[in-house]
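Working through the structure, step by step
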Amino acid sequence: MVCLLPFAVALAIPGNAPASEVFVSNLDSDSVSVFTTTATGSLSPIPCPGTNCNTGQDPAGVAVSPNGQFLYVADSAFSGGISPFRVNADGTLSPIACGTNCTFGSPFGLAVSPNGKFLYATETLSPKVTPYAINADGSLTPIPCSGSNCSTGSGPEGVAVSPNGQFLYVANTSTGTVSPFAINADGSLTPITCGAGCNPGGAGPVGVAVTPNGKFLYVTNGSGRVSPFAINVDGSLSLIACTAPNCNTGNSPKGVAVSPNGQFLYVTGSTGSLQLGTISPFAINADGTLSPIPCPGSNCTTGSGAFPQGLAVSPSGRFLYVANSGSSTVSPFAIGTTGALTPISCTAPNCTTGSKPGIQSLAISPDQAPSAVFSSGPAPPGQPTSFDASASTAAGGQSLARYDWDFGDGTTAPNGGPSPAHTYAATGTYTVALTVTDDAGCSTTQTFTGQTMSCNGGSGAHTTNQVTITPPARALIIAVAGPGTVTGSGISCPGDCTETYADGTAVSLSASPASGATFDGWGGACSGTGACTVTMSADKAVSATFNSKSLRPTAGNDTVTGSAAGETICGLLGNDVINGLGGNDILFGDLCNVKARLSGAQAGAGGNDTLDGGVGNDT
């Protein structure tokens, strides 16, 4: 998805400074200089062994593929071509074999389409723009261009693709016009009729840049100004009126760059007899008009005789880098929240390039989308459910700066950190979403300003998981007294006397006395001697009491003999013989637990027995 941000919600400039690679083509030394950015915005050269950074003759425009894996350099000499390179993980370059596919005319400006499928090169001598298909290995295949479909005005130099990938714009230096094209699905081009709307109103247009929302196009021209255009829905252009000094730049403006947040515009130029290199900063207003940003002292200069040419803003939007043809250096600047510039000290050799970097000679590697991953620890309603996004990752050179959560119940946690907790009010299955953003502000959407991607955002920065919130588990505890067992779902007590159940579960319990024993009744969550069914709306306890009583005689003249110690033995209706065994028995000659008059003999076996004869002639 391509980022089409309205200015009201433009990306904020983040506070950290992730690393990027800066590539500079060197017109006179036929090479590319490679740097990595530091946390403070200064540069550190990346070594380039052997001929790995050599280009064809007179390299000019440079562009990087959206995935950051390929670099393309336009070799502007007659019968030049394109020099393609693979960008390795450490920022070093490896040439890509391309053969005759990459040899043609005199290419100057380059732009890669936002989808990474196509490369477009202007040819100053033809004049035309040549489309290429970018193969999986980074090599190029020319795309046929029938008739005059790729023809431009005279002297085409700067080129830019719209953020939606549908339109292409070429600045024609000699003709003083802009040529718009529609980009077809196969990368081929169809000219767009534009008429007077494509005249920038100044001589010698060179540089071209587009705002990330795709609404506005800016073109530098030799009359010392930058011309703003509105991009219409059909890709045609309408010149936006811009009176002096609002669009005035230094002399001979060349390069132009838009910040990733779409709020600021920067143009290279020079001033004075010593040709002091200058940068003209502007604020981009909601209607596309420009307002100059004050630049006190030497804050916007690159040195006497520097002749600044190419420039680009870092993906984080915090830094601006300018290639100086006269001094063969790169000048880094810090960008403030208002767009104002502050020079960053960068001494040789850290900011030294090859000889004479030219127009459109600088590009910066795109920031890649981070990856969102999280797990959850569900808890019952009313208790905090935990989330862990520590497995989320940022692309190399970046770190994660923001975690935005949507918990699926109408509650969100903007910038909620990697390990938030959320309490759900009710049971159910919730779809939880996480979006991560790195310290350069890159997340799900792409940020593109004409030639090279700033943020190659993607869907991987957003993920969803379902979290099921269930009722709390309820504990049932069984206690058994006496010889017997209690059984039920998951219960067999004694032995297994505790079990947990989902909230609201109905648990049926059965009491089974041992042989010769009786069940006296339930206690706790059940009562009586009948069926016991417990509904688990909370933790609950149930007790069961059993007694070791022998069978009660139904008539007199019976003999009742105990079988174990500690029994209670009852005789009924008199004339019974009651023998206690094992000791410590309680013997009743009448109804159990009804102690009547003792009148009979006492004959306990085993000692310490108690006999209560009750009524009648008991023995």
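You'll find the structure just up there.
Keep in mind that this is a model prediction, so the values were computed, not measured.

**Comments concerning the packing of aromatic side chains**
- Under the definition given, this model contains 11 aromatic pairs.
- Judged by centre distance (5.4 Å) and plane angle (50°), the rings of Phe104 and Tyr132 are tilted. Residue Phe104 is located in the loop between strand E7 (93–95) and strand E8 (107–112), and its partner Tyr132 is located in strand E10 (residues 128–134); the two are separated by 28 residues in the primary sequence. The two residues Phe104 and Tyr132 agree in class, both being buried.

**Concerning the sheet that holds strand E35 (residues 421–423)**
- Sheet architecture is open: three strands sit in the order E31-E32-E35, paired in antiparallel fashion. In this open sheet, the two edge strands, each paired with only one partner strand, are strand E31 (375–377) and E35. Strand after strand, the sheet turns through a mean of 25° between neighbouring axes, direction not considered.
- Bridging between E31 and strand E32 (residues 384–388) involves three bridges; their strand directions are antiparallel. Bridge assignment links Ser376 to a residue of E32, and that residue is Phe387.

**Remarks on the environment of Ser29**
- Looking at the element boundaries, Ser29 is found in the loop between strand E1 (21–26) and strand E2 (31–37).
- For Ser29, a relative accessible area of 32% corresponds to the partly exposed category.
- Separated by 29 residues in sequence, Ser29 and Asp58 place their C-alpha atoms 7.8 Å apart.
- Beyond its immediate stretch of four places on either side in the chain, Ser29 contacts Gly354 and Ser355.
- Looking at Ser29, its side chain comes within polar contact range of the main-chain nitrogen of Ser355, at 3.1 Å.

**A closer look at unusual backbone geometry**
- For the bond from Ala348 to Pro349, the omega torsion is 5°, close enough to zero to count as cis.
- Cis geometry is found at the peptide bond from Cys493 to Pro494, where omega equals 5°.
- With respect to the helices, strands and loops of the structure, Pro494 is situated in the loop between strand E42 (491–493) and strand E43 (498–502).
- Despite not being glycine, Asp30 has its phi angle at roughly 50°, a positive value.
- Along the polypeptide, Asp30 turns up in the loop between E1 and E2.
- Backbone geometry at Gln360 places phi at a positive 55°, although glycine is not the residue there.
- Mapped onto the fold, Gln360 is located in the loop between strand E28 (341–343) and strand E29 (362–364).

Conventions adopted
- Residues numbered from 1 in each chain as written.
- Predicted model: local features only at pLDDT ≥ 70, side-chain atom pairs only at ≥ 80, totals over all residues.
- Heavy atoms only, no water.
- Phe/Tyr/Trp six-rings, centres within 6.5 Å; stacked < 30°, edge-to-face > 60°.
- Helix = DSSP H or I, 4+ residues; strand = E, 2+ residues; numbered from the N terminus.
- Buried < 20%, exposed > 50% of the residue type's maximum accessible area, 1.4 Å probe, protein only.
- Pairing = 2+ DSSP bridges.
- Axes fitted to C-alpha atoms, helices over the stretch in contact; angles between N-to-C directions.
- Contact = heavy atoms within 4.5 Å.
- Polar contact = N/O pair within 3.5 Å; in protein donor to acceptor, adjacent residues only side chain to side chain.

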